[in-house]
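Given next are the chains, with one letter for each unit.
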Amino acid sequence: MRSQLQPRHHASVSASDISVTLLDQINVKTVSDERGCSITGLAVTDTDRLAVADYYNHTITIIDVKQKTIVSELKMTSRPWDVTLLPDEELAVTLPHENSIQILSFSNGLSKVRQLTMNDACYRLAFIEGSMIVGMRGGKVKIVKSGNILKTLVFGEADDVRYITVCPKLRYIYASSGRSVTRFNMSGGAVRRFMPTFESLRTQDGLAVLKDGSILVCDVSNRSIHLISENMNFSRMIMKEKDDHMKPFCMALDYEKKKLYIGSGTRCNYLNVYSLK
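Residues numbered from 1 in each chain as written. Predicted model: local features only at pLDDT ≥ 70, side-chain atom pairs only at ≥ 80, totals over all residues. Heavy atoms only, no water.

## Description of unusual backbone geometry
Next up, step 1: One non-glycine residue, N99, adopts positive backbone phi at about 55°.
Next up, step 2: Tracing the backbone shows N99 in the loop between β8 (90-95) and β9 (100-105).
Next up, step 3: With a phi close to 55°, S146 is a non-glycine residue in the positive phi region.
Next up, step 4: Note on placement: S146 falls in the loop between β13 (140-145) and β14 (148-154). (Helix = DSSP H or I, 4+ residues; strand = E, 2+ residues; numbered from the N terminus.)

## Remarks on empty space enclosed by the protein
Next up, step 1: Evaluation of the coordinates by the stated rule reveals 2 cavities of 30 Å³ or more.
Next up, step 2: Taken as a whole, the second largest cavity spans an internal volume of roughly 30 Å³.
Next up, step 3: In this structure, the second largest cavity is lined by V28, I39, V52, D54, T59, I60 and T61.
Next up, step 4: Looking at the lining of the second largest cavity, the elements with two or more residues in it are β4 (49-54) and β5 (59-64).
Next up, step 5: Broken down by element, the residue count for the lining of the second largest cavity peaks at 3 residues, all from β5.
Next up, step 6: Class assignment for the residues of the lining of the second largest cavity results in 4 nonpolar, 2 polar and 1 charged. (1 Å grid on protein atoms, 1.4 Å probe; cavity = no way out; pocket = protein on both sides within 12 Å on 5 of 7 lines; lining within 4 Å. Points joined across faces, edges and corners; volume = space filled by probe spheres on them. Nonpolar A, V, L, I, M, F, W, Y, C, P; charged D, E, K, R; others polar.)

## Here's the deal with the nonpolar core
Next up, step 1: Judged by nonpolar contacts, the single largest core of 20 residues is most densely connected at L216, I225, I238, M251, L260 and I262.
Next up, step 2: At the level of secondary structure, the elements contributing two or more residues to this core comprise β19 (207-210), β20 (215-219), β21 (224-228), β22 (235-240), β23 (248-254), β24 (259-264) and β25 (270-276).
Next up, step 3: With 3 residues, the top contributor of residues to this core is β25.
Next up, step 4: With residues up to four places along the chain from it excluded, the contact list for I225 reads L216, V217, C218, R236, M237, I238, M239, P248, M251 and I262.
Next up, step 5: Membership of the second largest hydrophobic core comes to 18 residues, among which are Y174, V217, V220 and I228. (Core = buried A, V, L, I, M, F, W, Y, C linked by side-chain atoms within 4.5 Å. Buried < 20%, exposed > 50% of the residue type's maximum accessible area, 1.4 Å probe, protein only. Contact = heavy atoms within 4.5 Å.)

## Quick word on the layout of surface pockets
Next up, step 1: In this structure, the largest pocket occupies an estimated 230 Å³ of space.
Next up, step 2: Lining the largest pocket are 15 residues, and of these L86, R114, F127, M132 and S146 sit closest to its centre.
Next up, step 3: Its residues assigned to classes, the lining of the largest pocket comprises 7 nonpolar, 4 polar and 4 charged.

If you want it as structure tokens, here you go:
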């Protein structure tokens with residue numbers, strides 16, 4: 001029997017002793033793919049299973065990372081941007097070209113359940129306290145519950161909010177436009193913002209939060225992973241990709257096994273798997 005994970009978003013690793021080591025690569029290209037893969041979203045679903053959003057090929061796949069096999073594949077009606085885990089063996093997928101969120105079941109292969117219509121393009125999303133947190137076009141973050149928009153958070157920049165993560169333990173929402181990272185509390189207040197220099201961290205793409213509130217962030221333009229401090233005052237590079245094809249764009253943490261999965265937003269047909277210590 002599969003052991004489904006509940007939606008969780010912080011790993012039991014702290015910034016003081018963090019290190020990453022490349023363990024493996026996993027091919028994610030399917031026989032039906034007509035183009036090279038562009039992996040824009042990842043989510044750990046079950047033990048040893050990962051949901052993958054392939055933007056170029058319009059697909060969501062479930063991959064057995066231990067066996068390195070594709071378990072299930074489902075074609076979307078347009079290009080998916082992100083995927084996140086919901087309770088009850090469901091996934092949420094953003095479809096920015098349709099201004100909508102597609103809810104999928106993975107209990108018996110991937111299947112469509114229902115679709116939520118948003119009022120604008122939606123990109124990255126996360127799940128916390130029974131609600132979806134959705135990054136939107138035009139500098140907005142929306143809190144959505146049971147299909148209803150409960151609250152709209154103002155990011156403070158006109159750029160699209162394309163990267164979202166949450167920390168249930170600290171009850172924070174983290175959002176990025178690619179130029180800065182803002183931390184919100186659950187009431188919607190912006191409590192901290194990190195604006196790096198171009199030389200240190202060029203873009204802030206995929207995000208993940210560690211147990212102490214420090215933030216892992218992809219820098220696709222510099223093929224690297226950085227760590228932003230808990231107080232959001234500084235950052236440091238913790239890993240630089242040596243593979244020219246792998247440009248880190250999104251990430252997912254396996255909290256039980258302390259593994260970090262990295263997907264490339266450019267044409268790259270594999271994921272990189274790292275140990276996180």
